[in-house]
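Reading the structure
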Amino acid sequence: MAVATQGASSGINGQNTRTLLRVSILFLIAAAAVASRLFSVIRFESIIHEFDPWFNFRATKYLVANGFYKFWDWFDDRTWHPLGRVTGGTLYPGLMVTSGVIYHALRALTVPVDIRNICVLLAPAFSGLTAYAAYLLTNEMTTSSSAGLLAAAFMGITPGYISRSVAGSYDNEAIAIFLLVFTFYLWIKALKLGSMLWGALCALFYGYMVASWGGYAFITCILPLHAFVLIGMGRFSNRLYVSYTTWYALGTLASMQIPFVGFLPVKTSEHMPALGIFGFVQLVGFLQYVRSSMSAKQFKTFVITVIVGAVGIGLAGLVGLTSLGYIAPWSGRFYSLWDTGYAKIHIPIIASVSEHQPTAWPAFFFDLNMLIWLFPAGVYLCFQDLRDEHVFVVVYALFGSYFAGVMVRLMLTLTPIVCVAAAMAASQILDTYLSAKKPNVEEVADAGSTDAKPVKTSGLRVASKPAVGIFTFVSKALVVGGMAVYLLLFVSHCTWVTSNAYSSPSVVLASRMPDGSQHIIDDYREAYQWLRQNTKEDAKIMSWWDYGYQIGGMADRPTLVDNNTWNNTHIATVGKAMSSSEEVSYPIMRQHEVDYVLVVFGGLLGYSGDDINKFLWMVRIAEGIWPEEVKERNFFTSRGEYRVDAEATDTMKNSLMYKMSYYNYHSLFPAGQTVDRVRGSRLPDQGPVLNTIEEAYTTENWIIRIYKVKDLDNVGRDLFSAASFDRGQKKKSSKKKGPRVLRVD
Amino acid sequence: MRLLSSLLSASLLLAGSFAAKKTPTGRFDEFHAKSLSSSPVKLATSSYGSWTTAPRDYSAAVLLTAMDARFGCQLCQSFQPEFDILAKSWVKGDKAGKSRTLFGVLDFADGRDVFVSLGLQTAPVLLFFPPTEGPHAVASPDPIRYDFTAGAEHVQAWLARQLPDRPHPPIKRPINWTGWIMGVGIFVAGISLLVTASPYIWPILQNRNIWASISLILILLFTSGHMFNHIRKVPYIAGDGKGGISYFAGSFQSQFGLETQVIAAIYGTLAFCAISLAVKVPRIADYRTQQVAVLAWGGVLFILYSFLLSIFRIKNGGYPFSLPPFM
């Protein structure tokens, strides 16, 4: 804004001052973007957050230790026991390679830096770059010099982006959003100039994006759509032809270099629009060429035949190849974006992830605050000129908001365009009302009478009259003052949201003591540290898949399943073991060589993200594979309630998960006062009895409970009779229960 | 009444066992012939008895339902056509009766006593009677009960699991001829309408204002949580438990239909104010009108934004920011 109000002090000096100002403002914005993401480091410590980042961190360490080629061929036998995972071929390497390159560069400059600190600070560093990319993209959209800076500022601090890029959130999105915005900038640039160089650069960054994040499909769909809309509007040009063809040819080749992507760009339906538009662009280009050497009438017939023929052949080919199985139909995750009921029925593992839930309106406001209502205004302003790049904003805005509405996680892809559009609207308002020039009343009246109707039929109705400016100081002060209030509110909102909602590492929990001081709950690390120090190097840990990456990263122990949910059956096996009775679970655990079982239990502390609350998903996923043996219905009481207290169904009470969660829990409370603080229910005084596993460790706040799977009895009894024998020595009364027989499957 | 019913069921069993004593094989052929002509077979109390008594050398899937409008059984109404499709495609796919499976329907009106004797409180219930004789015999003659989800495919999969090693004819849904003809007709009519009306439609299609308003409406719809309503099927409005109406759901993760419409309207008005301030007001040539317009739009913007913040505080209790007048 300072730049905009600089006035018209012309000359080289003014130009230089402006550039200097602009650069320093951009640096300040980048600094603000980085600073606002450091809450978690300051409050807790420099630590990797959540779940997926732990895998990325582990992979990065492997890359730094073993070099790129070993990383590329990495077969990981410490996950998905006993299957293992072809990790090198099933991940997006962009993130790890980026940090690896930074690490080696800093080492070469003799900066002694730990790889963990690079990983922790990568996301904030890239957020500064994202702000710069948003500045570039916005400058392509409008002539106003303040819009770009505003967009950069919005991009830097808006919570919608901060949510996935705070320090320690070492995830693919950390660099992918920068790549997304920058690829779009290069695309606009290529389209405007019709330049092959910019198109190739766009393809290069598209390739980098493909190497970094599965969300690249968003670019793969938006760019062809933009091209298609432009052609539909009759705006085909050689610029479009050159830029699209260059981007598609080079970009597809680049994306196919990633082993995980491989031949998907020519085989799956997500990529078909891009291929189809590529063919369409060739066709339209050919027609344009033919047009120059034919009479108008001949040309019309020619066009109709060619278009009908090409579309028919193309569609028939697509349908035929799909039904013959050469082209895979839409992948489940992608398909669930269109048919919103699909995932719920067919893929419980996708539906179970909270990131894949639809977005309620408070989430939009929470993540974007006032940008959410400036956004439609900005999109409307794009209709004023409606140049090619403005069409891009409109297309992106429509699809971005649809996707963000269907899936919470895709708020991330909407945020850049919201920032750009909102900045356009805000800068238009500020530019108009901050202008020191005062229109002369007589002149305006004259102008109004002379060119009575400056007709612009294609434009917007509101913009048909010429702009005159603002007359009174009061109007200017009011509007500028209002905007300043909103902007200040926006900044405080962003800071508040970042500090309260997005800066928790979720590995370490913070709570307040009655006197207001902060209390750190560090059960996760306590448990993982225990595993690291007290178990064998290759002890297999069974847990629900959410904790697989953390166990691999922090405890360094092999796991059965983890957050890379590539094998649904294996996950269902774990689900079955958790949701069945001990007679069924024990053989499963023996077959998978499980040594320890880890459950998360929040009942004592009131921590709601625990395994009992996730339990129904385990049941559902297991039921998908073994509908005869695991039935969701049996976990509900006859009145259809999901209960954990004395009223719980027998299936529930006998399930391994229930037993592990509540084992010995009653001993913490006086008789009759055992309470589960998450589900707010009173538990029976008689706790569950374990026969085939034994408690190994429980953390300070009982959040993590670890059980050891018993070895076979050394005198050949089955574990149930052995356990009841042991109990019989202590307590005579429990003898009447009698031993149960181990079922052999 | 109870005595009577137990007597009845006892006599049924007796009758059944008499019938069974004839020849189980003959029984299946007879029933199968009947089901070839119309499947599923409509049963009554007596035929139900003769179908299901042990010993059986065949399997039977019997749907106990209550189709009469008096009972208002929604699930029965919706499940019946699915079951018909399943039974028809099964019998058609297995004309020779290799799977030795029968499909029957017993309506409450025809078989009140059966419902009483089974102690059924709810309908529909699908019972599967496994064979007690022959190669696939099972130990217990008791029927297996199916827990309802939906759709013929689910029932087919369940039946297939009950009938291992026997043929499982796939479901063949009848082709919806009227639907296809209607679809094609509408498509052709639409195309011809477009072609004939193109001189009138074309200017509309090229009108930027229309496209702008369509885009804005869609964006407002999506950003105010419409897709959430669509996917979660939230109620339009709910009571507050004290006889009043609560317009806003009290939690961050939920919302009502009306609530999203209010929010969309607020967003729309705010955006409209911003557009007016940015585009319209600087084009007003009369300075007095302009002053009034600035005051009006700026005031509406401020008050509505304050209102929006106050609504957000309902959703998120700890939210600290507010603007006057809705503090």
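Residues numbered from 1 in each chain as written. Chains lettered and ligands numbered in written order. Predicted model: local features only at pLDDT ≥ 70, side-chain atom pairs only at ≥ 80, totals over all residues.

**Points about the overall build of chain A**
- Broken down by element type, chain A carries 32 helices and eight strands.
- Here the contacts in chain A between residues at least 6 apart in sequence split such that 72% fall between residues at least 24 apart. (Helix = DSSP H or I, 4+ residues; strand = E, 2+ residues; numbered from the N terminus. Contact = placed C-beta atoms within 7 Å.)

**Some remarks on the overall build of chain B**
- Scanning chain B from terminus to terminus reveals 11 helices and seven strands.
- Over its C-alpha atoms chain B spans a radius of gyration of 32 Å, topping by over 25% the 20 Å that the globule rule assigns to 327 residues.
- Here the C-alpha coordinates of chain B stretch approximately 105 × 60 × 35 Å along the principal axes.
- For chain B, buried positions account for 31% of its 327 residues.
- Of all intrachain contacts in chain B linking residues separated by at least 6 positions in sequence, the fraction that spans at least 24 positions is 66%. (Rg over C-alpha atoms; globule rule 2.2 N^0.38 Å. Buried ≥ 20, exposed ≤ 12 C-beta atoms within 10 Å, placed from the backbone.)

**Some points on the interface of chain A and chain B**
- If you look at the interface, chain A gives 59 residues, while chain B gives 51 residues.
- Mapped by element, the contributors of at least two residues to the side of chain A that touches chain B are helix H19 (361-368), helix H20 (371-385), helix H21 (388-406), helix H22 (411-434), helix H23 (441-450) and helix H24 (473-500) of chain A.
- The element best represented in the side of chain A that touches chain B is H24(A), accounting for 10 residues.
- Of the residues assigned to the side of chain A that touches chain B, the class counts are 40 nonpolar, 15 polar and four charged. (Nonpolar A, V, L, I, M, F, W, Y, C, P; charged D, E, K, R; others polar.)

**Description of helix H27 (residues 568-579) of chain A**
All names here are of chain A.
- Taking 1.5 Å of rise per residue, the 12 residues of H27 would be expected to cover 16 Å, and the 16 Å separating its terminal C-alpha atoms lies within 8% of that figure.
- Taking burial as the measure, the 12 residues of H27 include nine buried ones, the bulk of the element.
- Burial in H27 covers these residues: Ile571, Ala572, Thr573, Val574, Gly575, Lys576, Ala577, Met578 and Ser579. (Expected span 1.5 Å × (residues − 1).)

**Brief notes about the sheet that holds strand E4 (residues 125-129) of chain B**
All names here are of chain B.
- Pairing is mixed in the open sheet, where five strands are placed in the order E1-E3-E2-E4-E5. Lying at the two open borders of the sheet, with one neighbouring strand each, are strand E1 (41-43) and strand E5 (144-146). Direction aside, neighbouring strands of the sheet carry axes that sit 30° apart on average.
- This element, helix H4 (residues 74-93), spans strand E2 (59-65) and strand E3 (101-107) of the sheet and lies at about 155° to E3. (Pairing = 2+ DSSP bridges. Axes fitted to C-alpha atoms, helices over the stretch in contact; angles between N-to-C directions.)

**Thoughts on the confidence of the model for chain B**
All names here are of chain B.
- Chain-level pLDDT for chain B is 80 on average; 91% of the residues reach the 70-or-more range.
- At the level of individual helices and strands, chain B shows its lowest average pLDDT in helix H1 (residues 2-21), which scores 50, and its highest in helix H10 (residues 257-280), which scores 92.
- For the stretch residues 14-21, pLDDT sits under 50, and the model shows nine contacts to residues farther than four places along the chain or on other chains. (pLDDT = per-residue confidence, 0-100.)

**Details of the sheet that holds strand E8 (residues 704-709) of chain A**
All names here are of chain A.
- If you walk across this open sheet you meet the four strands as E3-E4-E8-E7, and the pairing is mixed. Among the strands making up the open sheet, the edge pair consists of strand E3 (540-542) and strand E7 (693-698). Between one strand and the next, the sheet's axes are offset by a mean angle of 30°, whatever the strand orientation.
- Bridging between strand E4 (residues 594-600) and E8 involves five bridges; their strand directions are antiparallel. Along E8, the bridge assignment pairs Tyr596 with Lys708.
- Along the sheet, helix H25 (residues 523-534) contacts E3, E7 and E8; its crossing angle with E8, the most-contacted strand, is approximately 25°.

**Regarding helix H29 (residues 611-625) of chain A**
- Across its 15 residues, H29(A) extends 20 Å between first and last C-alpha, which sits within 8% of the 21 Å expected from 1.5 Å per residue.
- Within the sequence span of H29(A), burial applies to Asp611(A), Ile612(A), Phe615(A), Trp617(A), Met618(A), Val619(A), Ile621(A), Ala622(A) and Glu623(A).

**Quick look at the UniProt feature "transmembrane region" (unreviewed entry) in chain B**
Residue and element names in this part refer to chain B.
- In the numbering used here, UniProt assigns the "transmembrane region" (unreviewed entry) feature to residues 177-197, 209-228, 262-281 and 293-314.
- A helix fraction of 100% and a strand fraction of 0% characterise residues 177-197, whose end C-alpha atoms lie 29 Å from each other.
- From the first C-alpha to the last, residues 293-314 spans 32 Å; its make-up is 100% helix and 0% strand. (UniProt positions renumbered as here; feature names shortened; annotations may be inferred.)

**Quick look at the pairing of E4(B)**
Residues and elements named next belong to chain B.
- The element E4 is extensively covered by neighbouring structure, given that four of its five residues are classed as buried.
- Across three bridges, E4 lies against E5 in antiparallel orientation. Across the sheet, the residue bridging to Leu127 is Arg145, located in E5.

**Digging into the domain arrangement of chain A**
Residue and element names in this part refer to chain A.
- Each assigned domain of chain A is listed with its residue range as follows: domain 1 (4-268 + 330-427), domain 2 (429-499) and domain 3 (522-711).
- Each partner contributes residues to the interface: domain 1 has 18 residues there, and domain 2 has 17 residues.
- Grouping the constituent residues of the side of domain 1 that touches domain 2 by class yields 10 nonpolar, eight polar and no charged. (Domains from an automatic or database assignment.)

**What about the confidence of the model for chain A?**
Residue and element names in this part refer to chain A.
- Summing up the model confidence of chain A, the mean pLDDT is 85 and the portion of residues at 70 or higher is 89%.
- Of all helices and strands in chain A, the one with the weakest mean pLDDT is helix H17 (residues 342-346) (55), whereas helix H10 (residues 196-212) scores best (95).
- Contacts for the low-pLDDT stretch residues 1-10, under 50 throughout, to residues beyond four places or in other chains number 17 contacts.
- In the model, residues 450-457 has pLDDT below 50 throughout and makes two contacts with residues more than four positions away in sequence or in other chains.

**Quick look at the environment of Ser511(A)**
All names here are of chain A.
- Of note, Ser511 is situated in strand E1 (residues 509-512).
- Note on Ser511: 12 C-beta atoms within 10 Å, which makes it exposed.
- Distance in space between the C-alpha atoms of Ser511 and Leu668 is 21 Å, their sequence separation being 157 residues.
- Residues contacting Ser511, with those up to four places away along its chain left out, are His519 and Ile521.

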